Amino acid sequence: MIKRTNTIITLHERLPDDKIHETEYEVLNILEFNSTRKRMSVIIRTPENRIILYCKGADTVIYERLDRRHPLNEKFKEVTLQHMEDFGSAGLRTLCLSYTELDPKFYDEWNERFIEAKLSMVDRAAKVDAISEQVEKGLRLLGCTAIEDKLQEGVPQCIKTLADAGIRLWVLTGDKMETAINIGYACSLITDEMTQFQLTGSCAEVDILEADGRHEDATRVAADRLGNQLTKVQRTMEEDAAAGIIMSYALIIDGKALLYALSPRLRQQFLAVGIKCAAVLCCRVSPLQKAQVTALVKSYGDTTLAIGDGANDVGMIQKAHIGK
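A brief structural summary. (Residues numbered from 1 in each chain as written. Predicted model: local features only at pLDDT ≥ 70, side-chain atom pairs only at ≥ 80, totals over all residues. Heavy atoms only, no water.)

### Here we look at a negative patch on the surface
Then step 1. On the surface, a cluster of negative charge is made up of Asp103, Asp108, Glu109, Glu112 and Glu116.
Then step 2. By the element assignment, Asp108 lies in helix 3 (residues 104-119). (Patch = residues over 30% accessible without salt bridge, like charges linked within 9 Å, V, L, I, M, F, W, Y side chains within 5 Å. Areas by Shrake-Rupley, 256 points an atom, 1.4 Å probe, with all protein chains shown as cover. Salt bridge = Lys/Arg side-chain N within 4 Å of Asp/Glu carboxyl O. Lys, Arg positive; Asp, Glu negative; His and termini not counted. Charge placed at Lys NZ, Arg CZ, Asp CG, Glu CD. Helix = DSSP H or I, 4+ residues; strand = E, 2+ residues; numbered from the N terminus.)

Given below as structure tokens:
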């Protein structure tokens, strides 16, 4: 990129003739990122007058918006997922990239609704998100990116000191599970001596039901599966205790499983398991879920301290006895 204004992006592009050409793209709309959407998009007009939407975001969000009929999506999904797992295991933060070409007539009609939503004086944010949802679909997968996010100095020592003091540690992060686990090891939250339990909300049966649009059935199956997972964890803990085995446990749960773990049916069982763990790591967590988990732990009766460094952590900090 060599130049940028509010409406024009100028690039130097190397085309098939191996020559570098200067090309201008018109920026039509920017659909902003927020912690609920977990993605952002830009709509541009190319020199050939094509209208293209580019979208980047969390893999879970992008994958559920891919065009299932496009053959290259199926070809690239598994490869990209493997790349993200490799990057995550190395402690890198990942995002998925995708695009779709928009019909000009559809875009013109959509843009009118988008402008109207942005000018609304009532529930503007919700209306803009709803309108954005209408255009961010039928995407084609491009690949993924990965960046390093180093821990501040002294974090591992601080976490270890807190654990040695008998303080139970719950980490609530937006990172994917592989990245979160790697960071958990790096900051001494998780150690090799711990018995780890990993709870996920996805499985082949749930994915098939969701793909068929049977969301109620998918929710039921996923909730039953998580309930069975929690029961199995409880049984393991009870067997260890009965045998006189003193173990240190770490519970790792992704955002989709957490959605069901916080339901009225499973929340107390989830809390009972979490309280017995030296560390709990919640991955792909939304700001609302951070606040809900904090409120759940607070309901146990112990003093709860929440520490966060961004706007996504405000709800969590407000819910705790002590917030920083």
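### Considering the environment of Val221
Then step 1. Along the chain, Val221 falls in helix 8 (residues 215-242).
Then step 2. In this structure, the C-alpha to C-alpha distance between Val221 and Cys203, residues 18 residues apart in sequence, is 9.6 Å.
Then step 3. Each residue touching Val221, except ones within four places of it in the same chain, is listed here: Glu205, Val206 and Leu209. (Contact = heavy atoms within 4.5 Å.)

### Digging into the sheet that holds strand 7 (residues 140-148)
Then step 1. An order of 1-2-3-4-5-6-7 is seen for the 7 strands of this open sheet, with the pairing classed as antiparallel. Each edge of the sheet is formed by a strand with only one pairing partner; in this case those strands are strand 1 (3-4) and strand 7.
Then step 2. Both strand 6 (residues 92-102) and strand 7 contribute to a ladder of 8 bridges, which runs antiparallel. Its bridge partner being in strand 7, Tyr99 is matched across the sheet by Arg140.
Then step 3. Along the sheet face, helix 2 (residues 71-89) touches strand 6 and strand 7 and points at about 5° away from the line of strand 7.
Then step 4. Set on the sheet, helix 3 makes contact with strand 3 (20-31), strand 4 (39-45), strand 5 (51-57) and strand 6; between it and strand 3 the angle comes to about 45°. (Pairing = 2+ DSSP bridges. Axes fitted to C-alpha atoms, helices over the stretch in contact; angles between N-to-C directions.)

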